2 protein chains.
Amino acid sequence: MPKAWFDNILDDMRRVDEFAEEATYSDNPELNEMCRYVMGSGGKKFRPAVCILSYLACGGEDRETAAKVGTAFEIIHNASLIHDDINDNGEVRRGRRTLHREYSISKAVVVGDFLLAKGFSILAESSVDIVKVIVNAAVAMGESEFVQQRFEHKDKVTEDDYLEIIGGKTSKLIEACARAGAMLADSSEKSADKLGLFAAEIGVAFQIVDDVLDVTGNPHMTGKKVGLDLEEGKPTLPIIYAMEHETYGRDLASLFRKKGLSEEEKDRAIELIKSTDSLDRCLARAQSAADKALKYLSGIPESEYKESLKLLAQYTVSRDR
Amino acid sequence: MPKAWFDNILDDMRRVDEFAEEATYSDNPELNEMCRYVMGSGGKKFRPAVCILSYLACGGEDRETAAKVGTAFEIIHNASLIHDDINDNGEVRRGRRTLHREYSISKAVVVGDFLLAKGFSILAESSVDIVKVIVNAAVAMGESEFVQQRFEHKDKVTEDDYLEIIGGKTSKLIEACARAGAMLADSSEKSADKLGLFAAEIGVAFQIVDDVLDVTGNPHMTGKKVGLDLEEGKPTLPIIYAMEHETYGRDLASLFRKKGLSEEEKDRAIELIKSTDSLDRCLARAQSAADKALKYLSGIPESEYKESLKLLAQYTVSRDR
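Residues numbered from 1 in each chain as written. Chains lettered and ligands numbered in written order. Predicted model: local features only at pLDDT ≥ 70, side-chain atom pairs only at ≥ 80, totals over all residues.

### Observations regarding helix α8 (residues 159-184) of chain B
All names here are of chain B. With 26 residues, α8 should cover 38 Å at 1.5 Å per step; its first-to-last C-alpha distance of 35 Å lies within 8% of that length. Along α8, the sharpest change in direction is near 50° and occurs at Gly167. In terms of burial, α8 is a largely internal element, 20 of the 26 residues being buried. Count one or two residues on from α8 and you reach Asp186, which has phi positive near 55°. (Helix = DSSP H or I, 4+ residues; strand = E, 2+ residues; numbered from the N terminus. Expected span 1.5 Å × (residues − 1). Bend = angle between axes of the 7 residues up to and from the residue. Buried ≥ 20, exposed ≤ 12 C-beta atoms within 10 Å, placed from the backbone.)

### Some thoughts on the confidence of the model for chain A
Any region with low pLDDT has predicted coordinates that should not be read closely. Predicted confidence across chain A gives a mean pLDDT of 94, with 100% of residues reaching 70 or more. As scored by the predictor, the complex reaches a pTM of 0.90 and an ipTM of 0.87. (pLDDT = per-residue confidence, 0-100.)

### Some remarks on the nonpolar core
As a rule of thumb, nonpolar side chains are buried together in soluble globular proteins. Formed by 222 residues in total, the largest nonpolar core has its most connected members in Val111 and Ile134 of chain A together with Val111 and Ile134 of chain B. In this view, Val111 of chain A contacts Leu31, Met34, Cys35, Val38, Ile82 and Leu99 of chain A; residues no more than four positions away in its chain are not counted. (Core = buried A, V, L, I, M, F, W, Y, C linked by C-beta atoms within 7 Å. Contact = placed C-beta atoms within 7 Å.)

### Regarding unusual backbone geometry
Across residues other than glycine, the phi torsion is negative in most instances, and most of the peptide bonds are trans. For Asn89 of chain A, which is not glycine, the phi torsion reads 50° and is therefore positive. Mapped onto the elements, Asn89 of chain A comes out in the loop between α4 (63-88) and β1 (92-93). Of note in the backbone geometry, Asp186 of chain B takes a positive phi value of approximately 55° without being a glycine. Note on placement: Asp186 of chain B falls in the loop between α8 and α9 (189-216). Its 11 C-beta neighbours within 10 Å are what place Asp186 of chain B among the exposed residues.

### What about the packing of helix α1 (residues 10-23) of chain B against helix α4 (residues 63-88) of chain B?
Residue and element names in this part refer to chain B. Contact geometry for α1 and α4: axes closest at 8 Å, N-to-C directions at 60°. The orientation of α1 relative to α4 falls into the category oblique. The element α1 and its partner α4 pack so that their crossing is right-handed. Facing Asp12, Arg15, Val16, Phe19, Ala20 and Ala23 of α1, the residues of α4 in contact are Arg63, Ala66, Ala67, Lys68, Gly70, Thr71, Glu74 and Ile75. Grouping the constituent residues of the contact of α1 with α4 by class yields 7 nonpolar, 2 polar and 5 charged. (Axes fitted to C-alpha atoms, helices over the stretch in contact; angles between N-to-C directions. Parallel < 35°, antiparallel > 145°, perpendicular 65-115°, else oblique. Left-handed = near helix turned anticlockwise from the far one by under 90°. Nonpolar A, V, L, I, M, F, W, Y, C, P; charged D, E, K, R; others polar.)

### Here we look at the relation of the copies chain B and chain A
Note on the copies: chain B fits chain A at an RMSD of 0.0 Å, the axial shift is 0.0 Å, and the rotation between them is 180°. On this basis, the relationship between the two copies can be described by a two-fold rotation axis. Proximity to the rotation axis, assessed at the C-alpha, singles out Val128 of chain B in chain B; its C-alpha lies 2.7 Å from the axis. Interface overlap between copies is the fraction of interface residues in one copy that are interface residues in the other; for chain B against chain A it reaches 100%, indicating a shared surface. (Least-squares fit on C-alpha atoms with pLDDT ≥ 70 in both.)

This is the structure:
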């Protein structure tokens, strides 16, 4: 049995890197260079892992095809990050300048579209049903971005609002990865549903931890500045919980409402969050999402890959990058 | 037999409007409003027309499905215009402010992605092969944008460079519309190829005339300012031909190389172009593309819809908006 979630898919993850390199090649030198810049920046490949492990857990045996479809998800995810960074005017991603800062907004918009199209072109070779699943996720991503923007710098925001936002922003695509893996393995609809629900929950855990790392993370590990969500007024769970705090909540809320925080104000906001029980509550919430995720695996036959999925669920909560 | 290219597809074009309205609806009020802003701005619906007429010319009888797929092309085309306008920092489109000027760049990027996803979701309901055709067109659009940017404000640019750029920027998607229509009608591969080649050529004619209208057009008809391509340093055929002119070519080239033209300089550049034989040469080149297009129709059985396609080819050359 595996000791870490990636133990039994190391070769597959290498194939994902190779496929991604091939699939995003362009004859145009600068476009190609920009694709290399993005694809070679060492993402966690969390989404391909969910796809491949779901496929294998459903008894799939054509690992090559699973890696290919997993690659498509990684490419589409990267495309969405490029456009997200333009939206947020993000400066740093994975330890280096964001694409639009390194090149230009206009070129980065095109590269995002190009990678989206490349990702879809791989999926189009698999099946129409899989394309449908991912397209629905993409639609949800767009809608949730608008919901998020509505709550930016607003202190009247609840855990439910947050869950709605991250459902579209993060969970839907991770759910699509699992569903695609299951569908590719010709599993029953019931299994695909279970794995989809599993993945949606670990998506929740994944995003909560991402938002905790925005407060507590080590930039050398996360590859990005601390406190970005505060600067951008993004309503994350650590901020929402901390704003509920009796003693420190009001001060934090007034900082959160403010646009263009100074470094001192940002540090102060981070201190305020850390002074509350918010981060503990967040990690407990992430853990409960991971626990809920595991329950959905009950109908899936035992296998080493199912074990990996369980480890993956726990990794989403315990990761530090 | 039809008198105008749209005579026998008036109902279908109305269905396209209805489908587009439905398909781009969102529960999020602002996202929905922005989609209405874009989809309701009265595009020519040239791409759905190519798709539907190709379908009907191949003997297709399910007009509802053809209109649906045609709608997908219109939505995807609109999505690409949103991102193009961000890239070029365009101010006016179809007689009103561009989406990112009316709202914001960050929201417009998301709306573009959202519409792309919506367009793909309609196509995904048709067939994997059609999705492949359109995805390849989308990839070509991205690549050609980079080729175009390489030639911006450069006076060493040839007709062949131009044809390469507009091949990806315009022709590929129009070709995809025709191919999709033919494939949807279960026509032979040969017919799909012929209609694809036909459409690629009228795409060339269409774009040349677009570029001529940038010099000669009436803003009330075209819905955009005159001389935008000059301002942005886009290497269009009217500019390329005029730069070849013995007497006026050099002055125009030095204006074309310049970034940030004043209104006077732009007017002067337009005058220079009009003083040459460039616009006549362009229209002759567009006409020869349209003539070449017609030849590809020879293997398609006679019908009123084939007649409409012929009229459509002529319309691309003679249109004033």
